[in-house]
Amino acid sequence: MIAMAAPQAVAGVELAGVDVDSLGRVRNLNSVLFPVRYTAGFYKSLVLPGQFARLAFYNGACVGTITCRKQPLGFADTPAAFVGRGDPPAADYELYMMTLGVLAPYRRLGIAQALLASAVEAAAADPTVRRIVLHVQIDNDDALRFYHRRGFITVRMVERYYKVLDPPHAYLLHYRLR
Ligand SMILES: CC(C)(COP(=O)(O)OP(=O)(O)OC[C@H]1O[C@@H](n2cnc3c(N)ncnc32)[C@H](O)[C@@H]1OP(=O)(O)O)[C@@H](O)C(=O)NCCC(=O)NCCS
């Protein structure tokens, strides 16, 4: 397992789980943080089993969020290989990080690190989860540096991954747990 340094407790920061009552907070943050619009189905799915979502509060203000879903190992690399409902249950999984973001005035305080560490801890506690994976837009230098410094490796570039963004290309990143 690749060890990620345990985060220092960040003064004033608290993490909270997401339930149906707080989905609106995730939606509000995402609408500011990401150029992608997420569907109602995306938000409803966050409270289903196998999902991992947290909100970060800084001195009581809701300023950051992480959302992940558990999916069969390899799904992010070759989604076409998975049929869906007819697939047999997988033996191994990956935690796919859909979003991680912190409002701009609250960056460089360690809040994203705390959110990421909470997801790594949850994934590491599930013996069926082999790795954490995500896509990052190729020009998102802040995010790429953030992940590389925390043990994520770039696996490859996925051309035209984003339908509505410019540039449309993404890097696929992996963080190996076991
Ligand atoms: C990428 C992103 C999530 C990072 O959030 P963040 O809360 O600023 O991240 P952290 O504070 O945990 O760490 C960022 C840097 O600040 C540094 N830092 C943390 N606490 C610090 C402090 N008290 N003083 C100075 N620097 C500090 C960290 O060491 C880190 O630097 P490093 O990456 O060179 O090691 C944020 O830029 C963001 O929301 N971007 C927009 C959304 C996005 O693109 N998300 C990623 C794709 S899903």
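Before going further, it helps to examine unusual backbone geometry. Between Asp 166 and Pro 167 the backbone carries a cis peptide bond, its omega angle lying at 0 degrees. Tracing the backbone shows Pro 167 in the loop between β6 (153-158) and β7 (170-176). Unlike most non-glycine residues, Asn 59 shows phi in positive territory, near 50 degrees. Along the chain, Asn 59 turns up in the loop between β2 (51-58) and β3 (61-72). With 10 C-beta atoms counted inside 10 Å, the residue Asn 59 sits in the exposed group. Backbone geometry places Arg 108, a non-glycine residue, at a positive phi of 60 degrees. Turning to its location among the elements, Arg 108 is positioned in the loop between β4 (93-102) and α3 (111-124).

Before going further, it helps to spend a moment on the sheet that holds strand β1 (residues 13-17). On the basis of which strands lie adjacent, the open sheet formed by seven strands has the order β1-β2-β3-β4-β5-β7-β6 and mixed pairing. Edge positions in the sheet fall to β1 and β6, since each has one partner strand and no second. Ignoring which end each strand starts from, the neighbouring axes of this sheet average 25 degrees apart. One ladder, built from seven bridges, connects strand β5 (residues 129-137) with β7; its direction is antiparallel. Directly across from Val 133, in β7, lies its bridge partner His 174.

To continue, consider the environment of Ala 40. Mapped onto the fold, Ala 40 is located in helix α2 (residues 40-45). Separated by 13 residues in the primary sequence, Ala 40 and Arg 27 have C-alpha atoms spaced 9.3 Å apart.

As a further point, take the environment of Leu 177. Note that Leu 177 resides in the segment after β7. For the pair Leu 177 and Ala 124, spaced 53 residues apart in the sequence, the C-alpha separation amounts to 6.4 Å.

Cut-offs used in this document
Residues numbered from 1 in each chain as written. Predicted model: local features only at pLDDT ≥ 70, side-chain atom pairs only at ≥ 80, totals over all residues. Helix = DSSP H or I, 4+ residues; strand = E, 2+ residues; numbered from the N terminus. Buried ≥ 20, exposed ≤ 12 C-beta atoms within 10 Å, placed from the backbone. Pairing = 2+ DSSP bridges. Axes fitted to C-alpha atoms, helices over the stretch in contact; angles between N-to-C directions.

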